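Coordinates in review
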Amino acid sequence: MSTVRLHNVTAAFGKRPVLDDLSLTVPSGGSLAVIGPNGAGKSTLLNAIAGLVAYHGEISVGTTPMRAMARSTRARLVALVPQSPLFPAGMTVFDYVLLGRTPHIPYWRSEGAADVAITRMSIKALDLSDLEDRSVDTLSGGERQRAVLARALTQKPEVLLLDEPTTGLDLGHQQTFLELVESIRHERGTTVISAIHDLTVAARCAAEMVLLSGGVVAATGSPATVITEDLVRRHYGAAVEVIATSGGPVVVPLVDQTTPSTTEPTK
Amino acid sequence: MIAPAASQRLRPAPAMAAFAMLAVAAVVSVITGAADLPVRGVVLEVVDRIPLLEVDSGFTARQRDVLWQLRAPRMVIGAVVGAALAVAGAAYQGVFRNPLADPYLLGVAAGAGLGATLAIITGLASTPLLPAAAFAGALVAVIVTYGLAKLGGAGRTTATLILAGVAVASFFTALQTYVQQTSSDTVREVFAWILGRLATFGWSEVLLVVPFVAVSAAVIVAHRRHLDVLAVGEGEAAALGLDVGRVRVLVVLAATLATAAAVAVAGLIGFVGIIVPHAVRLLTGASYRVIVPLSLVGGAAFLVFADIAARTIVSPAELPIGVITAFFGAPFFAMILARSRGAG
């Protein structure tokens, strides 16, 4: 089915290696959260799976290697919710979501009734029906993120890649968004791989995690095994306290309050 | 069957309005001039041309000649050139994701001008090699402009591409002027042409450009959906399965060919590619599915109207048509510049 396999994947940005001989497997219908400090290679990993960056090694979905795939075939299999999507001025929500049908429409043709129907279903699923005729650039942050997810669903992908999907959303919208993704995964059996900055959020949204650091897998497993005070200190250079809760580990930054501030007036 | 969302599809009303404008422009254009041609006679003449229909327009042989050998070809060439420049402008704006892209401002028209001048001084005027030479020049210009803008690199903004275009246009215009001055016997011919003109020698020039413009317009219209996909940027478009390189090459080639054909018969007419697509955008929305076809028809109507103005304002003399388009185009350009700054 849609098991995602990366085998000895190496990618470079210019001369700087970003992914270094990386191998990992996400089972079909599974959910993987990718965490790691800035520049660890999280976005590059997702972009490599989406076919947007060149790489050595092999990435496959199911039994098919991605490299040999035509762009449109790949986009029918894998949808990416990018980190900072562009929202063209004046484009309606309907037209924006319809863009997800691009890989399904033959090059010289326009969309058919089936494409329109699928677009409507995605719009409905993400509760955007009332906003259908609004311009995407006038939406709120939460609405925008739902529009991007609706576009990705319209691709009818087997694998959904989310690059920092909750950045810029408030707590309530973060929660709603992640619940939406979970319900989609359960309903459609979509494999979900998300790069997530916030460790506590990451711990709650996937049963499996990978900690990337310097382009290699530093730790992998359940949130409790990946998010530890020791690993966070080593790879993020941050002092934290990890509190185990029923919903997974919670990361609390430790701010050293014994060091006197230099701006404090001296007596 | 579910109807597509109405908002961004080409609806009948704006399409009919554009065609109605073109029809009015066409009629006014052929009845305007020194010799008096009544509207009724013109309509009957057109009906008479329809196979199997025969009506008497009451026109004299001279009136018939004025209509069919002077005014009609001029009106048609204006419509074809206007359609070509407007659709090329819309295409460049979509491909470069730049609201200020225009055949004239990108230097494409100047490149075509140089190519065409070289063709004219070597005696190739009014042969199919004229548009071919214009196309070669235009293609070099668009490649150099794009390359220069890319060199501008990191902080690539709307302005970078246009600045590159201005540099390329100046350079090609300088070369063109040099070539023109060093071949003085054809200098008058080239000079009249470089300011933009629609005076024709009958139908031969119409036949020369129509095939090129028809092919380019067909390619651009066929890509209107892809231009909407490109609006989300190169990376996202690629992630959506679009072959970005193929779309870019095909659309830029088509727009450049349309520009070259227009320049080959009408010289340098600026701003049509800015005015028309943006007027359409303001009236109907941002989707290229609407902008491309409406620019085609609207561009035809606009240039026919501009030609009427060029012929009547200082009658019996004529203004170069490029003066009229620049007169409307410059304020438009300023407005778009202000808006795109606001959008960041």
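Note that the coordinates shown come from a computational prediction; the quantities given were computed from them, not determined experimentally. (Residues numbered from 1 in each chain as written. Chains lettered and ligands numbered in written order. Predicted model: local features only at pLDDT ≥ 70, side-chain atom pairs only at ≥ 80, totals over all residues.)

1. Focus on helix H6 (residues 171–188) of chain A
Residue and element names in this part refer to chain A. Put simply, the rule is: Only runs of H or I of at least four residues qualify as helices and only runs of E of at least two qualify as strands under DSSP, and these elements are numbered from the N terminus. In this analysis, the expected span of each helix is defined as 1.5 Å times one less than the number of residues it contains. Counting other C-beta atoms within 10 Å of each residue's C-beta, where C-beta atoms are placed from the backbone, gives the exposure class: buried for 20 or more, exposed for 12 or fewer, partly exposed between. By definition, the arc is the one covered by directions from the helix axis to the C-beta atoms. Note on contacts: each residue gets a C-beta atom placed from the backbone, and two residues are in contact if those atoms are within 7 Å.
Over its 18 residues, H6 extends 26 Å from the first C-alpha to the last, a length consistent with the 26 Å expected when each residue adds 1.5 Å. What H6 keeps buried is the set Gln174, Phe177, Leu178 and Val181. Taken around the axis of H6, the buried residues stretch over an arc of 95°, which confines them to a single face. Exposed and facing more than 90 degrees away from the buried side of H6 are Gly172, Glu179, Ser183, His186 and Glu187. Residues of H6 that are buried in the fold lie against helix H5 (141–154), strand S7 (159–163), strand S8 (191–195) and helix H7 (199–205). In the stretch just after H6, Gly189 is the one whose phi turns positive, near 70°.

2. A short note on the packing of helix H3 (residues 61–96) of chain B against helix H8 (residues 203–222) of chain B
Working note: a packed helix pair is described by the angle between its axes plus the distance between those axes. All names here are of chain B. Applied cut-off: To obtain an axis, a line is fitted to C-alpha atoms, over the contacting stretch when the element is a helix, and the angle between two such axes runs from 0 to 180 degrees between their N-to-C directions. Orientation labels follow simple angle bins: below 35 degrees gives roughly parallel, above 145 gives roughly antiparallel, 65 to 115 gives roughly perpendicular, and whatever is left gives oblique. Working rule for handedness: look at the near helix, and if it is turned counterclockwise from the far one by less than a right angle, call the crossing left-handed; if clockwise, right-handed.
At a minimum axis distance of 10 Å, the contact between H3 and H8 shows a crossing angle of 25°. Relative to H8, H3 is oriented roughly parallel. Crossing handedness for the pair H3 and H8: left-handed. Taken together, the residues of H8 that come into contact with H3 (itself represented by Pro73, Val76, Ile77, Val80, Ala83, Ala84, Val87 and Ala91) are Trp203, Glu205, Val206, Val209, Val210, Val213, Ser216, Ala217 and Ile220.

3. Here's the deal with the packing of H3(B) against helix H13 (residues 288–312) of chain B
Residue and element names in this part refer to chain B. Quick note on the threshold: As a working rule, the residues Ala, Val, Leu, Ile, Met, Phe, Trp, Tyr, Cys and Pro are called nonpolar, Asp, Glu, Lys and Arg charged, and the rest polar, with Gly in that last group.
At a closest axis distance of 7 Å, the pairing of H3 and H13 adopts a crossing angle of 145°. H3 and H13 meet at a crossing whose hand is right-handed. Each of Met75, Gly78, Ala79, Val81, Gly82, Ala83, Leu85, Ala86, Val87, Ala90 and Gly94 in H3 lies in contact with H13, whose residues at this interface are Tyr288, Ile291, Val292, Ser295, Leu296, Gly298, Gly299, Ala300, Phe302, Leu303, Val304 and Asp307. Taken together, the residues of the contact of H3 with H13 sort by class into 16 nonpolar, six polar and one charged.

4. Overview of the interface of chain B and chain A
A common measure of how large an interface is: the accessible area buried when the components associate. Across the contact, 25 residues belong to chain B and 30 residues belong to chain A. Breaking the side of chain B that touches chain A down by element, the ones donating at least two residues are helix H9 (224–230) and helix H10 (234–239) of chain B. In terms of residues, the side of chain B that touches chain A owes the most to one element, H10(B), which gives four residues. Of the residues assigned to the side of chain B that touches chain A, the class counts are 14 nonpolar, seven polar and four charged.

5. Here we look at H3(B)
All names here are of chain B. We apply this condition: Note on bend: at a given residue it equals the angle between the axes fitted to the 7 residues ending there and to the 7 starting there.
For H3, with 36 residues, the first-to-last C-alpha span of 51 Å sits near the 52 Å given by 1.5 Å per residue. At Arg71, H3 is bent by approximately 35°, the largest bend along its length, and proline Pro73 sits one to four residues beyond. Extensive coverage of H3 is indicated by the burial of 26 of its 36 residues. Count one or two residues on from H3 and you reach Arg97, which has phi positive near 45°.

6. Notes on the nonpolar core
The criterion, for reference: Working definition: the nonpolar core is a set of buried Ala, Val, Leu, Ile, Met, Phe, Trp, Tyr and Cys residues, joined through C-beta atoms within 7 Å.
Among the nonpolar cores identified, the biggest contains 184 residues, and Leu161(A), Ala84(B), Val87(B) and Ala258(B) are the most heavily contacted of them. For this core, the leading source of residues is H3(B), giving 19 residues.

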